[in-house]
Amino acid sequence: MITRFAPSPTGLLHLGHAFSALTASDMARAAGGRFLLRIEDIDTPRCTPEFEAAIYDDLHWLGLEWPDPVMRQSSRRAAYDAALARLADMGLTYPCSCTRADIRAALSAPQEGAPMGPDGPPYPGTCRGRTMDEHGPTDAIRLDMARAAALAGPVSFAETGPGSAGRHDMTPERMVAEVGDIVLARRDIGTSYHLAVTVDDAAQAITHVVRGQDLFTATSIHVLLQRLLGFATPTYHHHRLIRDERGRRLAKRDDARAIRTYRDAGHSPGDIREMIGL
Ligand code: GLU
């Protein structure tokens, strides 16, 4: 078993991150496996070296260990480009110049009541006719979901998380209707969360992806990309989210629940485990 914790250094880690990291590490330890850390620092403007250093420091304080060197997404651009090029060679991508406002306008009246996909409502398809040789520096790159899902066939994965344990399947038709033409490469960072996480989980041979329930709906995209790129599909474990007393999930800006705040107040790693029910 190989599990991972994949935080973005855009803020201090809070109790929800502690829960995620400890769950992944505990699972690997119980199975005699390995726990890896990956720094997801592709959302460049918001990622800082200070937050990255704080991640290492807080996780060590919690008692976690992982092998060095740590994979950092900011040094993985060549791997993302190669995956993108393969999908482009398969005829599954197109450039897209739509702004958020363009998409909102195109979606307005006719799509009322349309399903909400993992990245919002499915893209209305405005740029779908464009070809990759028209790709310019101000374009994002989208996946042509109708073609991709037809080629990949049904998407299927095993889930062991408490809320949704079992096998989950998505037909190509549902991938088109409910997910749609997702962005594979943003114009600013040249990749996307979905592409990077899929390529990196495969590169690190992750067997069990442990992460929050909020990412459950994104999983069908990752499994689809695994099928297209010839990667193995790991087992998924989406855990419950840690919430504040008003029932809201914790956010990075919520420093009151930062691990650092509890450390500074004299709490122990054992106290943190107790607070999050481990
Ligand atoms: N980097 C993501 C986050 O901080 C987690 C990605 C994942 O676990 O797949 O929310």
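Residues numbered from 1 in each chain as written. Predicted model: local features only at pLDDT ≥ 70, side-chain atom pairs only at ≥ 80, totals over all residues. Heavy atoms only, no water.

For the chain, an unreviewed UniProt entry supplies the name tRNA glutamyl-Q(34) synthetase GluQRS and the organism Maritimibacter fusiformis. Entered under Sequence similarities (unreviewed entry) in the UniProt record, the comment concerning the chain runs "Belongs to the class-I aminoacyl-tRNA synthetase family." (UniProt positions renumbered as here; feature names shortened; annotations may be inferred.)

Caption draft 1: Geometry of the site of the ligand. Around the ligand, the structure places Arg-4, Ala-6, Pro-7, Ser-8, Glu-40, Tyr-193, Val-197, Arg-211 and Leu-215. Within the side chain of Arg-4, an N or O atom sits 2.5 Å from an oxygen atom of the ligand. In the environment of the ligand, an oxygen atom lies 2.8 Å from a nitrogen or oxygen atom belonging to the side chain of Tyr-193. For the ligand, the accessible surface in isolation is 300 Å², of which the surrounding protein chains cover 77%. Its residues assigned to classes, the shell around the ligand shows 5 nonpolar, 1 polar and 3 charged. (Near = heavy atom within 4 Å. Polar contact = N/O pair within 3.5 Å; in protein donor to acceptor, adjacent residues only side chain to side chain. Areas by Shrake-Rupley, 256 points an atom, 1.4 Å probe, with all protein chains shown as cover. Nonpolar A, V, L, I, M, F, W, Y, C, P; charged D, E, K, R; others polar.)

Caption draft 2: View of the environment of Gly-63. Considering the arrangement of structural elements, one finds Gly-63 in the loop between helix H2 (49-62) and strand S3 (71-72). The exposure class of Gly-63 is partly exposed, given its relative accessible area of 41%. (Helix = DSSP H or I, 4+ residues; strand = E, 2+ residues; numbered from the N terminus. Buried < 20%, exposed > 50% of the residue type's maximum accessible area, 1.4 Å probe, protein only.)

Caption draft 3: Up close: the pairing of strand S10 (residues 235-239). For S10, the buried fraction is high: 4 of the 5 residues fall into the buried class. Judged from the 5 bridges that link them, strand S9 (residues 208-212) and S10 form a sheet pairing that is parallel. By the bridge assignment for S10, Arg-211 is matched with His-238. Once you follow S9 into helix H8 (residues 219-229) and on to S10, the crossover reads as right-handed. (Pairing = 2+ DSSP bridges. Right-handed = clockwise from strand over helix to strand, strands pointing away.)

Caption draft 4: Examining the pattern of salt bridges more closely. Considering all chains together, one arrives at 24 salt bridges under this definition. Of the charged contacts, one joins Asp-201 and Arg-4 as a salt bridge, the two residues approaching to 2.9 Å between their closest N and O atoms. Of this pair, Asp-201 sits in helix H7 (residues 193-203) while Arg-4 sits in strand S1 (residues 2-5), placing them 197 residues apart in sequence. An identical accessibility class is assigned to Asp-201 and Arg-4; each is buried. Put simply, Asp-81 and Arg-77 hold a salt bridge, and the shortest N to O gap is 3.0 Å. Here the residue Asp-81 and the residue Arg-77 both occupy positions in helix H3 (residues 77-89), the gap between them amounting to 4 residues, near one helical turn. With a relative accessible area of 42%, Arg-77 lands in the partly exposed category. Among the charged side chains, a salt-bridge network with shared partners connects Arg-4, Arg-38, Glu-40, Arg-76, Asp-200 and Asp-201. (Salt bridge = Lys/Arg side-chain N within 4 Å of Asp/Glu carboxyl O.)

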